[in-house]
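Coordinate analysis (summary)
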Amino acid sequence: MSANINVTAKGYSFAALEDVAVWWSPDKKHNLMTAESTPAEWMERSGQGYDVKSAPLYMRTPDGEWHEVPNRRALYHGVTNAHFGIVSPEYKIHQNSQYNETAERLLESLNSVMDREVPGVEGLFEQPTQFERATQGVLGQGERVWIGLRAKSHVTIANQAHAMNISLVGDHTGKGASRTLAGTTCIVCENTFNGALGSAAGIFALNHRKEYSQDEMIAGFAAIIQNVAEYKQVAESLLQAEMKEAQIVAYFKSIAKIKPEEKAEDVSTRRMNQYRALWDAYNISVQREGRPANSAWSVWNAVTRYVDHSEKRDSNPARRFDSANFGPGAAMKIDALANLRQMVAA
């Protein structure tokens, strides 16, 4: 996941195992982790070592008087006091420490032969595998956090090795839920599929109207893990499905919101750049990474490459990473995959 963040970007902090594909810079070496790193060290070095706090919200009127805003509270960083968002008094704060405790419990369960709270995981691999904490960080000023767990063995999907990823995502803005995601990352191109396993069913969300519950987060993950197995089947079907050039053109135009009857001169520069970037990503998928030309699988990988990596979509790597894994980009991948499956089935 964090392979998609260039460490020279601003607006993030993260720690990762050294073998995770990241563009490291000299001043970030202290964020390198090992298999012996403790959960407390992961929290500290990833920037997650703070509590989220809330306080009454006040407004200043033109006469200089301060008045408390009824039924509203401000969320803020417990160390830096950075403002995160505005919520109602009923909002339940989910702390970074709770996400970390859940991650440890997931690891213990996944790595236990005798007691698995997450059935079905072992069936994805040709041989038993272990999981490890691979990456962890914050975005912005700390308003969004994630923890990434990774299987030590690869999953073969469409004749290519994929890393199996488990993500716990926390949102402290007052606008998002705590979520668990299951998915894969292609080893060749680092395209992520955690938000695009065929439907939004690949994501479990626990909203902030409820107190944080490890049991619910783990049960929710156990329910969505089967989406990875289903995704393997989807990928195989896409690999076998051949698309004509006219179909690829129509598909990429639909993603760029270009109507079939629109003339090139009538299309906005932004939409035309998006359309061309999708073709660039497709050519990389086929020519550089060796996927079969005209296969729906290559077309789909062009979409994930565009969402995850294209600077034409967003030149800020941290924003692009946030969107591709947790936000509009992830939603785009879900819709694009559903539309592609419908097109090749027609």
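Keep in mind the model is a prediction, meaning the values are calculated, not measured. (Residues numbered from 1 in each chain as written. Predicted model: local features only at pLDDT ≥ 70, side-chain atom pairs only at ≥ 80, totals over all residues. Heavy atoms only, no water.)

**Describing the overall build of the protein chain**
Looking only at helices and strands, the protein chain has nine helices and 10 strands in total. Within the span of the protein chain, comprising 346 residues, buried residues form 52% of the whole. Put simply, of all contacts in the protein chain between residues at least 6 apart along the chain, 61% involve residues at least 24 apart. Total accessible area computed for the protein chain in this model is approximately 16,200 Å², and 49% of it derives from carbon and sulfur atoms. (Helix = DSSP H or I, 4+ residues; strand = E, 2+ residues; numbered from the N terminus. Buried < 20%, exposed > 50% of the residue type's maximum accessible area, 1.4 Å probe, protein only. Contact = heavy atoms within 4.5 Å. Areas by Shrake-Rupley, 256 points an atom, 1.4 Å probe, with all protein chains shown as cover.)

**Overview of the sheet that holds strand β5 (residues 83–87)**
The strand order β3-β4-β5 describes an open sheet built from three strands, whose pairing is antiparallel. Looking at which strands have only one partner, the edges of the open sheet turn out to be β3 (52–60) and β5. Across the sheet, the axes of successive neighbouring strands diverge by a mean angle of 40°, strand direction being ignored. In this structure, β3 lies alongside strand β4 (residues 66–77), joined through eight bridges in antiparallel fashion. By the bridge assignment, K53 is partnered in β4 with Y76. (Pairing = 2+ DSSP bridges. Axes fitted to C-alpha atoms, helices over the stretch in contact; angles between N-to-C directions.)

**Re the pattern of salt bridges**
In the structure shown here, the tally under the stated rule is eight salt bridges. Two residues, E216 and K210, come together in a salt bridge whose shortest N-O distance is 3.0 Å. Residues joined by salt bridges that share partners form a network here, namely E289, R291 and R305. (Salt bridge = Lys/Arg side-chain N within 4 Å of Asp/Glu carboxyl O.)

**With respect to the packing of aromatic side chains**
Going through the model one piece at a time under the given rule, you end up with six aromatic pairs. Here F252 and Y282 contribute two aromatic rings whose centre-to-centre distance is 6.4 Å and whose plane-to-plane angle is 70°, an arrangement assigned as edge-to-face. Residue F252 is found in helix α5 (residues 245–255), and its partner Y282 is found in helix α6 (residues 269–288); the two are separated by 30 residues along the sequence. Side by side, F252 and Y282 carry an identical accessibility label, which is buried. In this structure an aromatic cluster arises from ring pairing among Y251, F252, W279 and Y282. (Phe/Tyr/Trp six-rings, centres within 6.5 Å; stacked < 30°, edge-to-face > 60°.)

**Re helix α9 (residues 328–345)**
Between its terminal C-alpha atoms α9 stretches 26 Å, which fits the 26 Å expected from 18 residues at 1.5 Å a residue. Among the residues of α9, those classed as buried are G329, A330, K333, I334, A336, L337 and L340. (Expected span 1.5 Å × (residues − 1).)

**Regarding the pairing of β4**
From the end of β3 to the start of β4, which pair antiparallel, there are five residues, and G64 there has a positive phi angle of about 90°. Here β4 runs beside β5; their pairing, made up of four bridges, is antiparallel. Looking at β5, one finds that L75 is bridged to G85. Linking β4 back to β5 in an antiparallel pair, the connection comprises five residues, with N81 at a positive phi of about 70°.

**Description of the confidence of the model for the protein chain**
Looking at the protein chain as a whole, the pLDDT averages 81, with 79% of positions reaching at least 70. Model confidence for the protein chain, summarised as mean pLDDT per element, is weakest for helix α8 (residues 317–326) at 67 and strongest for β3 at 97. Contacts of residues 1–9 to residues separated by more than four positions or lying in other chains number 44 contacts, the stretch itself having pLDDT below 50. Within the model, the stretch residues 21–27 combines pLDDT values under 50 with 18 contacts to residues more than four positions away or in other chains. (pLDDT = per-residue confidence, 0-100.)

**Quick word on the packing of α5 against helix α7 (residues 296–309)**
Between α5 and α7, the least distance of the axes is 11 Å, while the angle of their chain directions is 25°. Accordingly, the angle class assigned to the pair α5 and α7 is roughly parallel. Crossing angle aside, the handedness with which α5 passes α7 is right-handed. Two secondary-structure elements touch here, α5 through I248, Y251, F252 and I255 and α7 through V299, W300, A302 and V303. (Parallel < 35°, antiparallel > 145°, perpendicular 65-115°, else oblique. Left-handed = near helix turned anticlockwise from the far one by under 90°.)

**Looking at helix α1 (residues 39–46)**
Within α1, burial applies to W42, M43 and S46. With its buried residues spanning 100° around the axis, α1 presents them on a single face. In α1, the exposed positions angled more than 90 degrees off the buried face are occupied by A40 and E44. Phi for G47, located one or two positions after α1, is positive at around 90°. (Arc of directions from axis to C-beta.)

**Let's talk about the side chain of H94**
With respect to the element layout, H94 can be found in the loop between β5 and α2 (96–110). Since its relative accessible area comes to 0%, H94 is described here as buried. A polar side-chain atom of H94 sits 2.7 Å from a polar atom in the side chain of S178. A distance of 2.9 Å separates the side chain of H94 from the backbone oxygen of K210, its partner in a polar contact. Dropping the residues within four chain positions of it, H94 is found in contact with Y99, H172, S178, L206, N207, H208, K210, E211 and Y212. (Polar contact = N/O pair within 3.5 Å; in protein donor to acceptor, adjacent residues only side chain to side chain.)

**Examining the pairing of strand β6 (residues 131–139)**
Across the nine residues of β6, nine count as buried, placing the element largely inside the fold. By the bridge criterion, eight bridges tie β6 to strand β7 (residues 144–157) in an arrangement that is antiparallel. For R133, the partnering residue across the bridge sits in β7 and is L149. Joining the antiparallel neighbours β6 and β7 is a turn of four residues, in which G140 adopts a positive phi near 65°.

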